[in-house]
Amino acid sequence: MNLSQQFRHATRSYRRRLENMPMRSYSVSLSLVTAVTVWAVLASVFLPAKYDLEVGDVAEDSIKASRTLTFENSAETERRKQQAAAQVPDVTVFDAKVLSDTRNSLSAFFTDASKIISEERQKAAAAGQPYDPVVAAARIEALPDADGVEEEALRQLAAIDPARLGQISAVSQEAIQSILGGNVTAESLPRDRDRLRAVMQTMALSEQEYLAASEVAASMLVPNNVVDEEKTSQARDQAASEVQAVIVTVRAGETILSPGEVVSQDDLATLSALGLTDQDRQVGAIAGLALLALAEILFIFFYVYRYERKVRSLKSLQFICASLLVLFTLADRLSIISPLSPLAVPMVALGVVATITLGTRMASLIVIIVSINLAAVGGSAPHYIIVSLLGGMAAVYLSTSVILRRDLMRAGLYAGLFSVIVSLAAGQITESSWSQAGLSIIWGLGNTLSSIIVAIGILSVYEMVFNLPTPLKLLELADPTRPLLKQLMMNAPGTYNHSILMGNIAETAAEAIGANPLLARVGAYYHDIGKLNRPDYFIENQFHVRNPHDRLTPGLSRLAITAHVKDGVALAREEGLPPEILDIIREHHGTTVLSYFYNKALQSTREGKVDQETYRYAGQKPTSRESAIIMLADSVEAAVRSLGDPTMRSIKKVISDILDQRLRDGQLSETNMTFADLEKVKRAFEACLKGFGASRIPYPQQEQRAAGGRE
């Protein structure tokens with residue numbers, strides 16, 4: 001076994017171990033390790049302490065700043081801002097809309113409750129059983145507006161004749177109106193609820209009706225004189241913004257203390273900010289960096305959990321996110337060591353790699369956080385942060401459509417040149433000299449070239465270790481000389497031709513809605529590889545052979561057909577295809593019904609009854625836009641091909657019918673496709689399949705053969 005084979009074997013073994021680890025444990029452990037690592041890298045700026053000085057001491061040596069640093073007494077500034085904000089009173093407003101909202105909620109609640117009680121009474125009567133209010137109460141408790149209502153009140157409500165609930169609702173709304181006609185605040189809410197109960201006690205309600213209705217109404221009573229959070233926040237923000245911060249800037253090489261000079265409070269603050277003392281300020285800075293690292297990881301964690309389903313579901317992408325954050329934070333740290341410069345951090349490489357592997361939104365977030373970390377270790381110099389942030393974001397934008405290696409190099413080059421321009425502009429804003437501007441250009445050009453090399457190198461490693469569907473990997477998989485595709489072409493030519501045509505259709509549709517067109521094309525090529533195990537069982541491969549389904553029952557045919565999904569996933573795993581391709585194979589039929597064999601089963605049974613669920617694919621619904629496109633393209637292409645005399649009108653009708661049917665069947669419920677996306681997909685399908693409706697002129701020989709056949 002050579003070195004390359006050993007590496008592949010090791011990476012596959014690592015991926016298997018990774019897959020077997022519980023997702024939650026892995027995510028939490030990775031987050032903790034990343035937070036600690038980022039903190040250690042950031043805190044290394046302050047370690048080890050070099051000087052043990054206090055105010056009033058005499059400096060024995062000349063002490064110079066090792067880096068440019070701009071800092072403030074943030075704790076005091078924040079304290080003053082909070083003090084100023086705390087002195088601003090709450091701004092409250094009367095919200096008249098609360099009354100109408102509360103009345104509507106009451107009306108909806110009693111309407112829903114009446115419906116539930118009526119249904120449960122009807123069920124009990126139909127079953128010849130006595131009506132049990134507890135069952136209805138349990139259903140009422142699940143209503144959105146039932147939060148806070150005691151169970152006993154709900155049971156009392158469930159025992160009331162539903163014909164009375166309309167009157168009870170009106171009485172409750174009248175009582176609510178009498179209370180909300182005045183001011184109800186958060187402080188007065190308990191007293192106002194007691195007033196509400198007292199008002200309802202005077203109304204024409206039985207004891208049972210009063211107990212139920214008063215508790216429901218009281219639970220829905222909310223303050224109508226509320227704090228205007230926006231105006232209060234604006235007032236407090238305004239007060240806080242008027243507090244002036246004490247800002248200090250020290251330049252790299254600037255003398256802080258000369259031999260024999262007495263240490264002042266300002267000198268000590270500067271030394272502490274630079275990490276050159278062992279005072280409490282240093283401990284505080286390290287603790288602050290720990291909080292910063294924790295905040296960054298928590299923000300990424302919750303952002304991924306809320307918005308990035310793909311990253312949340314794949315351990316490999318989580319590891320890539322963490323490793324990029326650590327790797328480029330380390331680059332931030334190394335860049336401040338003389339003679340390097342923060343301009344040497346390859347932010348363009350980060351933008352390119354993160355966009356290709358994690359997507360645009362996630363890449364933007366990582367670029368922002370790494371720029372923050374550069375500010376933390378580099379002293380918050382605005383020049384460097386502007387270049388870092390804008391250069392990285394430019395790389396993210398330019399890498400969104402990278403497919404070929406030359407596209408990657410072009411994106412890196414353009415983003416690097418953009419960074420050079422930004423560097424010059426930022427230098428002039430900070431009043432840098434022309435010599436410093438020239439040095440910035442040199443650093444920027446060197447960074448551009450190194451970023452391209454670093455991006456290609458990191459992508460190659462990630463692609464190999466995590467089997468990522470990068471554009472370069474997908475192009476390799478699209479090669480028709482790949483073993484699986486060659487086998488498909490030789491053993492299942494009909495399926496192969498169908499897959500190639502589907503690739504064109506899927507790619508066009510993906511481009512139309514902003515999905516990944518290359519992933520859609522390659523996924524279409526491999527979506528039916530499971531048919532290699534039984535190619536003759538599929539109509540497109542039955543050339544001059546008897547249809548084996550003629551000898552099988554519908555149930556056996558169903559098993560033979562649906563097995564190609566599971567077989568395809570197994571073949572894809574053996575071939576080492578990326579997880580995204582496996583998902584497409586697994587999801588391209590969703591849970592749709594094998595309508596042909598289902599109808600055949602209906603015709604073959606005497607009763608004419610067959611459970612439709614047994615004739616559904618046992619896969620899972622599409623979870624990505626690419627997978628959904630391939631499901632739709634698969635059905636549409638097959639349906640259009642089956643048309644006897646296709647016209648553009650009939651093709652459009654088939655496309656529209658299939659998309660509507662898949663939508664009604666709930667097959668697209670787990671994707672983030674919109675109705676606008678579906679309309680674009682439909683138009684793309686029509687454009688790709690219009691060739692099926694084109695007429696052709698028969699050649700004379702064809703006409704003669706046709707005439708002879710008719711005779």
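Predicted, not measured: the structure shown is a model, and the values here were computed from it.

The rules behind these values
Residues numbered from 1 in each chain as written. Predicted model: local features only at pLDDT ≥ 70, side-chain atom pairs only at ≥ 80, totals over all residues. Heavy atoms only, no water. Helix = DSSP H or I, 4+ residues; strand = E, 2+ residues; numbered from the N terminus. Buried < 20%, exposed > 50% of the residue type's maximum accessible area, 1.4 Å probe, protein only. Lys, Arg positive; Asp, Glu negative; His and termini not counted. Salt bridge = Lys/Arg side-chain N within 4 Å of Asp/Glu carboxyl O. Polar contact = N/O pair within 3.5 Å; in protein donor to acceptor, adjacent residues only side chain to side chain. Contact = heavy atoms within 4.5 Å. Phe/Tyr/Trp six-rings, centres within 6.5 Å; stacked < 30°, edge-to-face > 60°. Lys NZ or Arg CZ within 6 Å of the ring centre and 35° of its normal. Pairing = 2+ DSSP bridges. Expected span 1.5 Å × (residues − 1). pLDDT = per-residue confidence, 0-100. Patch = residues over 30% accessible without salt bridge, like charges linked within 9 Å, V, L, I, M, F, W, Y side chains within 5 Å. Areas by Shrake-Rupley, 256 points an atom, 1.4 Å probe, with all protein chains shown as cover. Axes fitted to C-alpha atoms, helices over the stretch in contact; angles between N-to-C directions. Parallel < 35°, antiparallel > 145°, perpendicular 65-115°, else oblique. Nonpolar A, V, L, I, M, F, W, Y, C, P; charged D, E, K, R; others polar. Core = buried A, V, L, I, M, F, W, Y, C linked by side-chain atoms within 4.5 Å. Charge placed at Lys NZ, Arg CZ, Asp CG, Glu CD.

1. Structural notes on the side chain of Glu626
You can see Glu626 is positioned in helix 27 (residues 625-641). Arg625 provides the closest opposite charge to the buried, unpaired Glu626, separated from it by 5.5 Å. Here Asn516 takes part through its backbone nitrogen, which lies 2.8 Å from a polar atom of the side chain of Glu626. Not counting residues up to four positions away in its chain, the partners in contact with Glu626 are Ala515, Asn516, Leu519, Ala520 and Ile584.

2. Quick look at the packing of aromatic side chains
The tally for this structure, following the rule as stated, stands at eight aromatic pairs. Ring pairing ties together the aromatic residues Phe299, Tyr303 and Tyr307, which thus form one cluster. The ring of Tyr131 carries the charged tip of Arg121 above its face, separated from the ring centre by 4.4 Å. Directly above the ring of Tyr615 sits Arg558, whose terminal nitrogen or CZ lies 5.6 Å from the centroid.

3. Some thoughts on the pairing of strand 2 (residues 69-72)
Burial along strand 2 is one-sided: the residues Leu69 and Phe71 are buried and none of Thr70 and Glu72 is. Across four bridges, strand 2 lies against strand 5 (residues 247-250) in antiparallel orientation. Bridge assignment links Phe71 to a residue of strand 5, and that residue is Val248.

4. What to know about the environment of Glu78
Summarising the element assignment, Glu78 is placed in helix 3 (residues 74-86). Residue class for Glu78 comes out partly exposed when judged on its relative accessible area of 41%. Glu78 sits 167 residues away from Ala245 along the chain, and the two C-alpha atoms are 8.7 Å apart.

5. Concerning helix 22 (residues 493-513)
Side chains that are three or four residues apart share a direction in an α-helix, a result of its 3.6 residues per turn. Across its 21 residues, helix 22 extends 30 Å between first and last C-alpha, which sits within 8% of the 30 Å expected from 1.5 Å per residue. Following helix 22 by one or two positions, Gly514 adopts a phi angle in the positive range, close to 80°.

6. A closer look at the confidence of the model for the protein chain
Per-residue confidence for the protein chain gives a mean pLDDT of 81, with 88% of residues at or over 70. A low-confidence stretch, residues 701-711 stays under pLDDT 50, and its non-local contacts, those more than four residues away or across chains, total one contact.

7. What about the pattern of salt bridges?
Tallied over the full model, the rule gives 25 salt bridges. The partner of Glu575 in a salt bridge is Arg482, and the shortest N-O contact between them spans 3.5 Å. Pair noted here: Glu575 is in helix 24 (residues 554-575) and Arg482 is in the loop between helix 20 (471-477) and helix 21 (483-491), with a separation of 93 residues, a long-range link. A relative accessible area of 21% places Arg482 in the partly exposed class. A salt bridge links Asp657 to Lys653, with the nearest nitrogen and oxygen atoms 2.8 Å apart. Of the two residues, Asp657 and Lys653 both sit in helix 28 (residues 648-664), four residues apart, roughly one turn of that helix. Among the residues examined, Lys653 registers a relative accessible area of 54% and is labelled exposed. A single network of salt bridges, built from pairs that share partners, joins Glu119, Glu120, Lys123 and Arg139.

8. Brief notes about a nonpolar patch on the surface
There is a patch of nonpolar side chains on the surface, built from Val28, Leu32, Leu291, Leu294, Leu298, Phe301 and Phe302 and spanning about 650 Å² of accessible area. Only helix 2 (23-43) and helix 12 (280-307) provide two or more residues apiece to the nonpolar patch. Counting residues per element, the nonpolar patch draws most heavily on helix 12, which supplies five residues.

9. Looking at helix 2
With 21 residues, helix 2 should cover 30 Å at 1.5 Å per step; its first-to-last C-alpha distance of 30 Å lies within 8% of that length. Those residues of helix 2 that sit buried are Tyr26, Ser27, Leu30, Ser31, Thr34, Ala35, Val38, Val41, Leu42 and Ala43.

10. Considering the packing of helix 14 (residues 315-335) against helix 15 (residues 347-358)
Packing of helix 14 against helix 15 leaves a shortest axis separation of 11 Å and a crossing angle of 175°. Between helix 14 and helix 15, the interaxial angle falls into the category roughly antiparallel. Only Ala349, Leu350, Val353, Ala354, Thr357 and Leu358 of helix 15 make contact with helix 14, whose side of the interface consists of Leu317, Ile320, Cys321, Leu324 and Phe328. Here the contact of helix 14 with helix 15 is built from residues that sort into ten nonpolar, one polar and no charged.

11. Considering the nonpolar core
Ranked by size, the top nonpolar core spans 55 residues in total, and within it Ile300, Ile320, Leu324, Leu350, Leu358, Met362 and Tyr462 carry the most contacts. For this core, the secondary structure elements donating two or more residues are helix 2, helix 12, helix 14, helix 15, helix 16 (360-378), helix 17 (382-398), helix 18 (405-429) and helix 19 (434-466). Once residues lying within four places of it in the same chain are set aside, the contact partners of Met362 are Ile300, Tyr303, Val304, Glu308 and Cys321. Ranked by size, the runner-up nonpolar core spans 52 residues in total, among them Ile585, Ile630, Leu632 and Ile658.

12. Considering the environment of Gly412
Turning to its location among the elements, Gly412 is positioned in helix 18. Classification of Gly412 by relative accessible area gives buried; the value is 2%. Placed 38 residues apart in sequence, Gly412 and Ser450 show a C-alpha to C-alpha distance of 9.6 Å. Setting aside residues up to four positions removed in sequence, Gly412 forms contacts with Val348, Thr448 and Ile452.

13. What to know about a negative patch on the surface
Judged by side-chain charge, Asp112, Glu141, Asp145 and Asp147 come together as a negatively charged surface patch. On the secondary structure map, Asp112 appears in helix 4 (residues 97-127). Owing to a relative accessible area of 34%, Asp112 belongs among the partly exposed residues under this scheme.

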